[in-house]
There are 4 protein chains.
Amino acid sequence: MRADARRNRELIVTTALGLFAEHGTAVSMEEIARTAGLGVGTLYRHFPDRQALVEEIALDTLRRLMTFSEAVTTGDGPCWQALRLVVEHCAGLPLALIRSLSPATTANPELARLERDLNALFERLAKGAQEEGTLRGDIPPGEVVGLLNVAVCRPGARADDHLTTVILDGLRR
Amino acid sequence: MRADARRNRELIVTTALGLFAEHGTAVSMEEIARTAGLGVGTLYRHFPDRQALVEEIALDTLRRLMTFSEAVTTGDGPCWQALRLVVEHCAGLPLALIRSLSPATTANPELARLERDLNALFERLAKGAQEEGTLRGDIPPGEVVGLLNVAVCRPGARADDHLTTVILDGLRR
Amino acid sequence: MRADARRNRELIVTTALGLFAEHGTAVSMEEIARTAGLGVGTLYRHFPDRQALVEEIALDTLRRLMTFSEAVTTGDGPCWQALRLVVEHCAGLPLALIRSLSPATTANPELARLERDLNALFERLAKGAQEEGTLRGDIPPGEVVGLLNVAVCRPGARADDHLTTVILDGLRR
Amino acid sequence: MRADARRNRELIVTTALGLFAEHGTAVSMEEIARTAGLGVGTLYRHFPDRQALVEEIALDTLRRLMTFSEAVTTGDGPCWQALRLVVEHCAGLPLALIRSLSPATTANPELARLERDLNALFERLAKGAQEEGTLRGDIPPGEVVGLLNVAVCRPGARADDHLTTVILDGLRR
DNA sequence: GATGAATGAGGGTTCATTCAT
DNA sequence: GATGAATGAACCCTCATTCAT
């Protein structure tokens, strides 16, 4: 893929994400293209239909989250610290938007795999934190992840809002 | 209002709520009418436009919730018990759907008032529970309500799912 | 026909005419009925469809005009005087509206007959005025009537506006 | 603008004008598109809504009239001759239709300006004709224009019909 | 007989998608 | 390859008309 094509592709994803976040999910393909400074034709050259674009936005965000999470997990610092960092990172991501864009488990297999892998990674982190004694032990790791998902995929979630804080505090031992 | 008209009005609200829950917010007015066994015209006679129908669904649900909450609060049993009942009742309601239908505080004043009143009621309950010593005292009542809102307005929330349980347990003293 | 029925019928015609004049031809049957303080059903009992109502409005107006014109013509005063009176009366009538309601010669036979008769009467008047020497003789009576029609069926025509005056002056000898 | 787009735009205006003239103002956008051999979408790409199309028709006609009038006025022949030519040209134009499409002074500023300018030009012509002694001097130029407007904006006006003739004759000295 | 609720065809408009330039 | 014009299905909504109350 030529450099400019790649740049256009990324431009489209970014623009679409921004428009969805600001003006809601109903933004038209035309407007996305126009805002990106491209013709609709170009948009459709990169994404065969709207669904494909939406999925790419989700994939793009979750891939970045995965990258971040892996980086944070790799070191051998305490799991709690990693968990906290990941949660705070999540809170800055448009996860609620992505949920609303492609509700439930989409048919897209890569998306499904990513979600599974992310949940698995979080679960490992939760388990580790419980073992190191920084996370309450009376909740099964799976449930902890569920809780965190709720906290982090809620519309308007931010890293430093009270709710994120309260939930993290509540989980801490 | 004639008896049949009232019946139709309720039928429409119920049908629309069901369709929204099952097939998403994008269901067309035509389909709502057809599913209800009515003509579109009838639907529009009862609700001047889509927005009005959506707001009525929200109002209808929140009014019932208010009625329930007041009934439960009136008795002089422990606040914790009332709070638990209300939360479990909420979990059976399509609150996430309603959120997504009329995001944030709608322009509709009655809706806004209802939301305010419900939150106030919950806050009184939380405060009461803290005073009677059944609810953790280290979280301000407003935050407790925020937490519960998140728990209860999440898509797919159910009274007996683990998350609701965990959150209630986490709040208990 | 019972007295109240007759009253309702006239009320409808008057109301409809008023609404058409004020808010344009597109006023709905519903609104006409509501403004008249009746149900649509009653309206439809009197007029089988919209067209019938529109034609009745035209008939009603033209019948009154005919009555007036005949009264004015019957006396044996000068034709010019009669013509002037009729023209001024016309200018106060919603003739432009009626034209736009039922454009050209409607299929309605009574309406067609009335228009024919009115034109004939005007032509007699014009001819008479020419014979008594008060109206320019260099325009055939039929054309005079055509001119007057234009003057009098124009939207916004009023008895005392400049155009009516100018045209009458222009025809005077 | 691409050549085919421009062609389509003109095709739409022409087609719509023809349909309005033949079948009345109520012709649907769908039918206009179909008659023009285009999809509705194309029609809406060129004109954001019905009103815009209607205004374009009016603008288009009045712009042509202005061009013609200026051309005819530029020469230094007698004003009466110019006036006669313009009036006859008008009579071939769908001015009555345009009046009924966008009644009175529309909100559209260019349309308003054009009407003003045309009236001003006619008034200059009338004044000039009075000064050269070819037009009756006993009617103020503004009124002459009013009269001509009535003659020329009447439904069914034609350059060679008796009424136009009579009015022109009546104004001649 | 009066009422107004119900009907549904039809109109204006949007927008995902295709395709000529 | 990029552009944006064209397409038409589908949506929201209106309103003349019918019919149950």
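Residues numbered from 1 in each chain as written. Chains lettered and ligands numbered in written order. Predicted model: local features only at pLDDT ≥ 70, side-chain atom pairs only at ≥ 80, totals over all residues. Heavy atoms only, no water.

Taken together, 31 residues surround DNA strand E, and among them Met29 of chain A, Asn8, Thr42 and Arg45 of chain B together with Thr42 of chain C come closest. Each atom of DNA strand E within 4 Å of the protein belongs either to a base or to sugar and phosphate, the latter forming 68%. With respect to DNA strand E, the side chain of threonine 42 of chain C contributes an N or O atom lying 2.7 Å from a phosphate oxygen. Going through the elements one at a time, α3 (40-46) of chain A, α1 (3-23) and α3 (40-46) of chain B, α3 (40-46) of chain C together with α3 (40-46) of chain D are the ones with two or more residues in the surface near DNA strand E. It is α3 of chain B that contributes the most residues to the surface near DNA strand E, five residues altogether. When grouped by side-chain class, the residues that make up the surface near DNA strand E number twelve nonpolar, eleven polar and eight charged. (Near = heavy atom within 4 Å. Polar contact = N/O pair within 3.5 Å; in protein donor to acceptor, adjacent residues only side chain to side chain. Helix = DSSP H or I, 4+ residues; strand = E, 2+ residues; numbered from the N terminus. Nonpolar A, V, L, I, M, F, W, Y, C, P; charged D, E, K, R; others polar.)

The next point concerns the UniProt feature "domain: HTH tetR-type" (unreviewed entry) in chain A. UniProt marks residues 6-65 of chain A with the feature "domain: HTH tetR-type" (unreviewed entry), using the numbering shown here. Across residues 6-65 of chain A one finds 82% helix and 0% strand; the C-alpha atoms that close the span lie 21 Å apart. (UniProt positions renumbered as here; feature names shortened; annotations may be inferred.)

What follows concerns the pattern of salt bridges. Per the stated rule, a full pass over the model turns up 34 salt bridges over all chains. With a shortest N-O distance of 3.6 Å, arginine 9 of chain B and glutamate 56 of chain B are connected by a salt bridge. Of the two residues, arginine 9 of chain B is situated in helix α1 and glutamate 56 of chain B in helix α4 (residues 50-74); the sequence distance between them amounts to 47 residues. Ionic contacts of the salt-bridge type, sharing partners, join the residues Arg9, Glu56, Arg63 and Glu110 of chain A into one network. (Salt bridge = Lys/Arg side-chain N within 4 Å of Asp/Glu carboxyl O.)

Further remarks concern the interface of chain B and chain A. Reports of interface size often rely on the accessible area that becomes lost once the parts have come together. Between chain B and chain A, the contact holds twelve residues from the first and twelve residues from the second. Summed over both sides, the interface between chain B and chain A buries roughly 1000 Å², with carbon and sulfur atoms accounting for 73% of that surface. Sorting the residues of chain B by area buried against chain A places Glu143, Val150 and Val166 of chain B first, and these three jointly supply 45% of that buried surface. Summed over the shared surface of chain B and chain A, the result is zero salt bridges. Counting the contacts that link chain B with chain A gives zero residue pairs in polar contact (both at pLDDT 80 or more). Of all the secondary structure elements, the ones that give two or more residues to the side of chain B that touches chain A are α8 (141-152) and α9 (162-171) of chain B. (Contact = heavy atoms within 4.5 Å. Buried area = accessible area lost by both parts, 1.4 Å probe.)

This part is about the protein's contact with DNA strand F. Inspection of the region around DNA strand F gives 30 residues, with Thr42 of chain A, Met29 of chain C together with Asn8, Thr42 and Arg45 of chain D positioned closest. Take the atoms of DNA strand F that sit within 4 Å of the protein: sugar and phosphate atoms are 68% of them. In this structure, a base nitrogen belonging to DNA strand F sits 3.3 Å away from a main-chain N or O atom of glycine 41 of chain A. Measuring from a phosphate oxygen of DNA strand F, one finds a backbone N or O atom of methionine 29 of chain B at 3.0 Å. Contributing elements (two or more residues each) for the surface near DNA strand F: α3 of chain A, α3 of chain C together with α1 (3-23) and α3 of chain D. At five residues, α3 of chain D tops the list of elements feeding residues into the surface near DNA strand F.

Before going further, it helps to examine the arrangement of the chains. Spatially, chain A is disjoint from chain C: no contact exists, and the shortest C-alpha separation is 33 Å. At the level of C-alpha atoms, the two units chain B and chain D stay apart, their nearest approach being 21 Å.

Let us now look at empty space enclosed by the protein. Throughout the structure, instances matching the rule amount to four cavities of 30 Å³ or more. Considering only enclosed or pocket space, the largest cavity measures out at about 280 Å³ in volume. If you go around the largest cavity, you meet 20 residues; those closest to its centre are Leu62, Leu95, Arg99, Asn149 and Cys153 of chain D. Counting only elements with at least two residues in the lining of the largest cavity, the list comes to α4 (50-74), α5 (79-91), α6 (95-101), α7 (109-131) and α8 (141-152) of chain D. Of the residues contributing to the lining of the largest cavity, the split by class is 15 nonpolar, three polar and two charged. For the second largest cavity, the calculated volume is near 180 Å³. In this structure, the second largest cavity is lined by 14 residues; those nearest its centre are Arg136, Leu147 and Gly170 of chain A together with Leu147 and Gly170 of chain B. (1 Å grid on protein atoms, 1.4 Å probe; cavity = no way out; pocket = protein on both sides within 12 Å on 5 of 7 lines; lining within 4 Å. Points joined across faces, edges and corners; volume = space filled by probe spheres on them.)

In this section: the nonpolar core. If you look at the biggest cluster of nonpolar residues, it comprises 74 residues, and the most contacted ones within it are Leu65, Phe122 and Leu171 of chain C together with Phe122 and Leu171 of chain D. Apart from residues lying up to four places away in sequence, leucine 171 of chain C is in contact with Trp80, Thr134, Leu135, Arg136, Ile139, Val144, Leu147 and Leu148 of chain C. By size, the runner-up hydrophobic cluster in this structure holds 73 residues, among which are Leu118 and Leu163 of chain A together with Leu59 and Val87 of chain B. (Core = buried A, V, L, I, M, F, W, Y, C linked by side-chain atoms within 4.5 Å. Buried < 20%, exposed > 50% of the residue type's maximum accessible area, 1.4 Å probe, protein only.)

All names here are of chain B. The geometry of helix α5 (residues 79-91) relative to helix α7 (residues 109-131) is characterised by a closest axis approach of 8 Å and an angle of 140° between their N-to-C directions. Accordingly, the angle class assigned to the pair α5 and α7 is oblique. The two elements α5 and α7 meet at a crossing, and its hand is left-handed. Counting all contacts with α5, which are made through Cys79, Trp80, Ala82, Leu83, Val86 and Cys90, the residues of α7 involved are Phe122, Leu125, Ala126, Gly128 and Ala129. Here the residues of the contact of α5 with α7 sort into ten nonpolar, one polar and no charged. (Axes fitted to C-alpha atoms, helices over the stretch in contact; angles between N-to-C directions. Parallel < 35°, antiparallel > 145°, perpendicular 65-115°, else oblique. Left-handed = near helix turned anticlockwise from the far one by under 90°.)

This paragraph deals with the state of the cysteines. Residues and elements named next belong to chain B. The tally for this structure, following the rule as stated, stands at zero disulfides over all chains. Looking at the unpaired cysteine 79, the closest cysteine sulfur is the one in cysteine 90, lying at 16 Å. In this structure cysteine 153 is a free cysteine whose sulfur lies 7.3 Å from that of cysteine 90, the closest cysteine sulfur available. (Disulfide = S-S within 2.5 Å.)

What follows is about the UniProt feature "DNA-binding region" (unreviewed entry) in chain A. Per the UniProt annotation, the sites labelled "DNA-binding region" (unreviewed entry) are residues 28-47 of chain A. Structurally, residues 28-47 of chain A comprises 75% helix and 0% strand, and the distance from its first C-alpha atom to its last is 14 Å.

In this section: the relation of the copies chain B and chain A. Aligned on chain A, chain B shows an RMSD of 0.2 Å; the corresponding rotation is 178° and the shift along the axis is 0.3 Å. In short, the pair behaves as if placed about a two-fold rotation axis. (Least-squares fit on C-alpha atoms with pLDDT ≥ 70 in both.)

Further remarks concern α9 of chain B. Structural remark: α-helix, 3.6 residues per turn; residues separated by three or four positions point the same way. Burial of α9 of chain B is extensive: seven of the ten residues sit out of reach of the surface. Where α9 of chain B is concerned, the buried positions are Leu163, Thr164, Val166, Ile167, Leu168, Gly170 and Leu171 of chain B. Elements in contact with the buried residues of α9 of chain B: α8 (141-152) of chain A together with α5 and α8 of chain B.

Residues and elements named next belong to chain A. Examined at the domain level, chain A breaks down into domain 1 (1-47) and domain 2 (58-171). Relative placement of domain 1 and domain 2: their C-alpha centres are 28 Å apart. With five residues of domain 1 in contact, the opposing surface of domain 2 contributes six residues. When domain 1 packs against domain 2, the two sides together hide about 410 Å² of surface, and 80% of this comes from carbon and sulfur. Looking only at domain 1, the three residues that lose the most surface to domain 2 are Leu17, Phe20 and Thr25, adding up to 77% of its buried area. At the junction of domain 1 with domain 2, the criterion picks out zero residue pairs in polar contact (both at pLDDT 80 or more). Residue composition of the side of domain 1 that touches domain 2, grouped by class: four nonpolar, one polar and no charged. (Domains from an automatic or database assignment.)

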